[in-house]
Structure formats: structure tokens, C-alpha cells
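Commentary on secondary and tertiary structure
Chain residues, written in single-letter form:
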Amino acid sequence: KIERSEQTEWMLAVRDDRDRAAFARLFGFFGPRIKGMLMRSGMSGAAAEDVVQDVMLAVWNKSAQFDPARAPVSAWIYRIARNRQVDLARKAARPLPEEIETETPPEADAGQILGLQQEGARLRDALARLGPEQREMIARAYLGDLTHSEIQAATGLPMGTIKSRIRLGLERLRHELKDLRS
Amino acid sequence: MTVTHHIHDSMLAAYAAGRLPQAFEMVVAAHVSLCDHCRAALETHQFVGGTLLETGQTEDLSAGALDTLMARLDDNLSEAPNEVAQVNRRMGIYPGPVARALGQRPPRWRAAGGGVRQTILFENGKSSARLLYIPGGMAVPDHGHNGTELTMVLQGAFHDETGHFGPGDVEIADESLEHTPIADPGPACICLAATDARLRFTSLLPRLAQPFLRI
Ligand SMILES: [Zn+2]
Ligand SMILES: [Zn+2]
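About the cut-offs
Residues numbered from 1 in each chain as written. Chains lettered and ligands numbered in written order. Predicted model: local features only at pLDDT ≥ 70, side-chain atom pairs only at ≥ 80, totals over all residues. Heavy atoms only, no water. Donors = N, O, S within 2.8 Å, 3.2 Å for Na, K, Ca; no water. Tetrahedral: all angles 85-135°; square planar, octahedral: opposite > 155°, others 65-115°. Salt bridge = Lys/Arg side-chain N within 4 Å of Asp/Glu carboxyl O. Helix = DSSP H or I, 4+ residues; strand = E, 2+ residues; numbered from the N terminus. Contact = heavy atoms within 4.5 Å. Axes fitted to C-alpha atoms, helices over the stretch in contact; angles between N-to-C directions. Left-handed = near helix turned anticlockwise from the far one by under 90°. Disulfide = S-S within 2.5 Å. Parallel < 35°, antiparallel > 145°, perpendicular 65-115°, else oblique. Nonpolar A, V, L, I, M, F, W, Y, C, P; charged D, E, K, R; others polar. Pairing = 2+ DSSP bridges. Buried area = accessible area lost by both parts, 1.4 Å probe. Polar contact = N/O pair within 3.5 Å; in protein donor to acceptor, adjacent residues only side chain to side chain. Expected span 1.5 Å × (residues − 1). Buried < 20%, exposed > 50% of the residue type's maximum accessible area, 1.4 Å probe, protein only. Core = buried A, V, L, I, M, F, W, Y, C linked by side-chain atoms within 4.5 Å. Domains from an automatic or database assignment.

In the annotation of an unreviewed UniProt entry, chain B is listed under the name Anti-sigma-E factor ChrR and assigned to Pseudooceanicola algae.

Okay, here's the thing in C-alpha cells:
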């Protein structure tokens, strides 16, 4: 039986109860990882810490937008961190897609939350099964500072299992978006 | 709207990773606003990015980091979520990110030669994003590309050597393509066009006009 992850619980406590202890735990988990990602893309330690602060502050302030049926906490924070990093690098607001207006309360989608979480577990498995070189390449594509054409090469690698995980995730999401629109 | 020409998957991955030039980001953000297929693909890449973030390297934070952050929670200096939604609102045929670049005001068209009009949204060195207004039945002069050119149709349609493009469709042209896009007869074709290098016009007149067109 799969239960909601700790991170999901913390994030929901922040969103629904403005729970500071849960927020501190989220920071304890994601802070060092965001800093690791930013330093990987060439940022100094001090600059990375400033961005970590901004990102976590945005997590607190925008928590109402978090929908665990749409994206796991990690994906939501990854998106906020990349947006912030780009804004700072350019000193200009990054072009962002329109948000989808959702009306159904996320609580109604317990099954979807777990489904998404299972998808994440399978993706982690698939990543763990990659050879070290391919794993490093894909980590550099998503966490590092590859150029667009290098990312093209990395995401074009023949990585059977991870590709099929990505494809399945895509099918799922497309389905959910269709439901949201109808 | 039936979108048949989408953004390449590697470009969506590069957008998710924050590694795309600003002009191309504009097209990706505009297309994703209209296309659920590409939105799902983008969110899947963010899913992969988030999973890698969870399992990735950690770097220790400085001792006072948590206290500093907790002290800032009450300041609430950052923008309210609704503000973002407001500035990124769709305006007629213009998707949210384009409307935002226009300052939520209708474009101010300037003549670009041959009946074509344009509004520059963003320009930085060789990279630029602009809106093009091509009267029905009119051709954009024959040209090649020194880099990549993304063209997304917002209204009307055009066709060239590679196919037919309607609202929401994106044409991705690279160095190997020489083309003459022609607007369909009828209402003007309005496109969002982004390049990361200057275009190469093959006939004499547009080449002379290039410094004025700034494309
Ligand atoms: Zn698409
Ligand atoms: Zn062209």
C-alpha cells in the first residue's frame, strides 16, 4: 500500500494550515538539494543560498497553487527554482505559460495523488537502473548547465526504461488536463 | 483549435531546465498556453527534473539559513499569486505571455516593407521575438536562416515549402531551410516569430531593407 510521501504531507500542512514546523522540514529537505542543483549550474555557494531563500519564500507565498494531483512537490519546487534562476540571470521576468484555472478541490483526487506518486517511484527506479554515464548525462541535462543542443543529445539517448516512464507520465498528464478542461 | 505542428520535445526539456534563449521561451510559453499536448510534455519534463532534484547532490546550507528564512515569512514582500495570473492573462488572439510582453495593450504595428507589419516584443543582440502581420495572400520574402527560427501562428494561416500552418501551429526552421511563407487568402496572418540569428534574404531588395526591419 502506498501512502502520501512525507514531502506531500509537509507541503499540504503548509498550504492548508500555514504550518511553520512542516515548512522548516521542507526547507531541511529541499534547501540543500536546490543549493546543490544551483551550484551544479555554475552558481557560487553564496549566490545559491540567496536563491534558495527566494525559492522557499515563494513556496510559502504561492502554496495555494500547489496541487498534488497535478505535480509532486519536487516537480513544483523544481519549476519555481528554475523560473527564479532564469529571472535573476536575465534581470527580467521569464515568459511563462498561462496557468490552467482549476475548480475541483485537489482533495477529491486522492487516487490521482497516489498515482502520480507511484509514477515518481517508478521513474526513480528507472533512473537508478541506468548506467552511471547515462545517469550523469541526464542529471546534467535537467540539473546542470548543458546547452539546448547538448540537452537534445542527452534526451535523445537510447534509454529504454526512462523513456517509457516519461511517455507514460505524459499520457497520464494529458488525460488529467483533458479532465480539467471539460 | 487543432494544432498539428508542435514544439520539439528536446526544446520543452530545455525550457524546463531553464536553458533556452528568451526569444524561444516566448514561443514555448505561448504554445503551451494553447496546447495541452505540449503542456503535458513540459510538465513531464518538470516531473523528471523534480525527481532528479530529490535524488541529486546536496550542499550544506549555512548555519543561520533557516532562521533567516523563518524571519522573512511574515514580511510578505513578494507578489501575490493573483498578480501573476493578472499580468499573464490572454488578450484576444494573444496568449498570456505575449499579452504580458505587450503590456496588455494591442500591438503598435510598424511597416516592415511589402505590406508586412511588425511589432518587436523582445530583442537582445541577434536574438529577437516579434509579432508579424502578413496581409492575406501576401508572401514574406524568400529567405534562409543562420540559426533557428520559430514561427507560431496566432491568427489566419500560412504555407510554405514544408507544409500548412494554422492557429497554434509552430514551424521550426533551421539553417537547412530556404522558404517563402505565403499567408492564406482572407484575414491577415498574425504570427509570433523568434530567431536566435539574423535571417538571410536571397533577393536584393529585402537585403537592403534588413537594417530597417531588424530581422
Ligand atoms: Zn503542442
Ligand atoms: Zn523563415
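Brief notes about the coordination of the zinc ion (ligand 1)
The protein atoms that coordinate the zinc ion (ligand 1) are H6 of chain B (ND1), H31 of chain B (NE2), C35 of chain B (SG) and C38 of chain B (SG), at distances of 2.1 to 2.3 Å. Around the zinc ion (ligand 1) sit 4 donor atoms; with metal-centred angles ranging over 99 to 122 degrees, the donor geometry is tetrahedral.

What about the pattern of salt bridges?
A full pass over the atoms with the stated rule returns 12 salt bridges over all chains. For R70 of chain A, the salt bridge is made with E43 of chain B, and the minimal N-O distance between the two is 2.4 Å. In this pair, R70 of chain A sits in the loop between helix 3 (45-61) and helix 4 (73-90) while E43 of chain B sits in helix 3 (residues 36-55), so the two residues belong to two different chains. Overlapping salt bridges bring together D54 and R84 of chain A together with R72 of chain B as one network.

Focus on the environment of A157 of chain B
Residues and elements named next belong to chain B. Within the secondary structure layout, A157 lies in the loop between strand 5 (149-155) and strand 6 (158-160). Residues A157 and D184, spaced 27 residues apart in sequence, show a C-alpha to C-alpha distance of 5.5 Å. Those residues in contact with A157, other than ones at most four positions away along the chain, are H164, F165, G166, I182, A183, D184 and C189.

Topic: the packing of helix 7 (residues 148-155) of chain A against helix 1 (residues 9-16) of chain B
Where helix 7 of chain A meets helix 1 of chain B, the axes come as close as 9 Å, and the angle between the chain directions of the two elements is 120 degrees. The chirality of how helix 7 of chain A crosses helix 1 of chain B is right-handed. Residues H148, I151, Q152 and T155 of chain A of helix 7 of chain A form the contact with helix 1 of chain B, whose own contacting residues are S10, M11, A13 and A14 of chain B.

Comments concerning the state of the cysteines
Tallied over the full model, the rule gives 0 disulfides over all chains. Summary of cysteine pairing: C191 of chain B is not part of a disulfide, and the nearest cysteine sulfur, belonging to C189 of chain B, is at 3.5 Å.

Examining the packing of helix 6 (residues 132-143) of chain A against helix 3 of chain B
Where helix 6 of chain A contacts helix 3 of chain B, the two axes come as close as 9 Å, and the packing angle between them is 110 degrees. Between helix 6 of chain A and helix 3 of chain B, the angle is such that the two are roughly perpendicular. Considering how the two elements wind past one another, helix 6 of chain A and helix 3 of chain B form a crossing that is left-handed. Contact residues: helix 6 of chain A offers I138, A139, Y142 and L143 of chain A, while helix 3 of chain B offers H45, V48, G49, L52 and L53 of chain B. Taken together, the residues that form the contact of helix 6 of chain A with helix 3 of chain B break down as 7 nonpolar, 2 polar and no charged.

Focus: the sheet that holds strand 3 (residues 127-134) of chain B
Residue and element names in this part refer to chain B. Taken in spatial order, the 6 strands of this open sheet run 1-2-3-10-5-8, and their pairing is antiparallel. Looking at strand neighbours, the two that pair on one side only are strand 1 (110-111) and strand 8 (170-173), the edges of this open sheet. As defined by bridge partners, strand 5 adjoins strand 10 (residues 189-195) across 6 bridges and the pair is classed as antiparallel. Residue pairing in the sheet places L150 in a bridge with A194 of strand 10. Together, strand 2 (117-124), strand 3, strand 5, strand 8 and strand 10 form the strand contacts of helix 2 (residues 22-34), whose direction differs from that of strand 10 by roughly 135 degrees.

Comments concerning the interface of chain A and chain B
Of the residues lining the interface, 68 residues belong to chain A; the matching set on chain B comes to 61 residues. Contact between chain A and chain B buries roughly 6,200 Å² in total, counting both sides, with carbon and sulfur atoms accounting for 61%. For the pair chain A and chain B, the number of links is 7 salt bridges. When the shortest N-O distance is used, the salt bridge between R124 of chain A and E54 of chain B registers 3.4 Å. Viewed at the interface, chain B and chain A are joined by 24 residue pairs in polar contact (both at pLDDT 80 or more). Contributing elements (two or more residues each) for the side of chain A that touches chain B: helix 2 (20-40), helix 3, helix 4, helix 5 (110-128), helix 6, helix 7 and helix 8 (160-181) of chain A. Element by element, the count of residues in the side of chain A that touches chain B is highest for helix 2 of chain A, at 15 residues. Here the residues of the side of chain A that touches chain B are counted per class, giving 37 nonpolar, 13 polar and 18 charged.

With respect to helix 5 of chain A
Its 19 residues place the ends of helix 5 of chain A 27 Å apart at the C-alpha level, agreeing with the 27 Å of an ideal helix rising 1.5 Å per residue. Among all positions of helix 5 of chain A, only I113, G115, L116, Q117, E119, G120, L123, A126 and L127 of chain A are buried.

Describing the sheet that holds strand 7 (residues 163-165) of chain B
Residue and element names in this part refer to chain B. Spatially, the 3 strands line up as an open sheet ordered 7-6-9, and their pairing is antiparallel. In this open sheet, the two edge strands, each paired with only one partner strand, are strand 7 and strand 9 (182-183). Across 2 bridges, the pairing between strand 6 and strand 9 is antiparallel. Of the residues in strand 9, the one forming a bridge with H159 is I182.

A few points about the nonpolar core
Ranked by size, the top nonpolar core spans 89 residues in total, and within it F23, L26, I34, M56, V59 and I77 of chain A together with L192 of chain B carry the most contacts. Each of domain 1 (9-101) and domain 2 (110-213) of chain B contributes no fewer than three residues to this core. Setting aside residues no more than four positions away along its own chain, V59 of chain A makes contact with M11, F23, L26, W76, I77 and I80 of chain A. Counting residues in hydrophobic clusters, the runner-up holds 12 residues, among them I134, V153, F158 and A193 of chain B.

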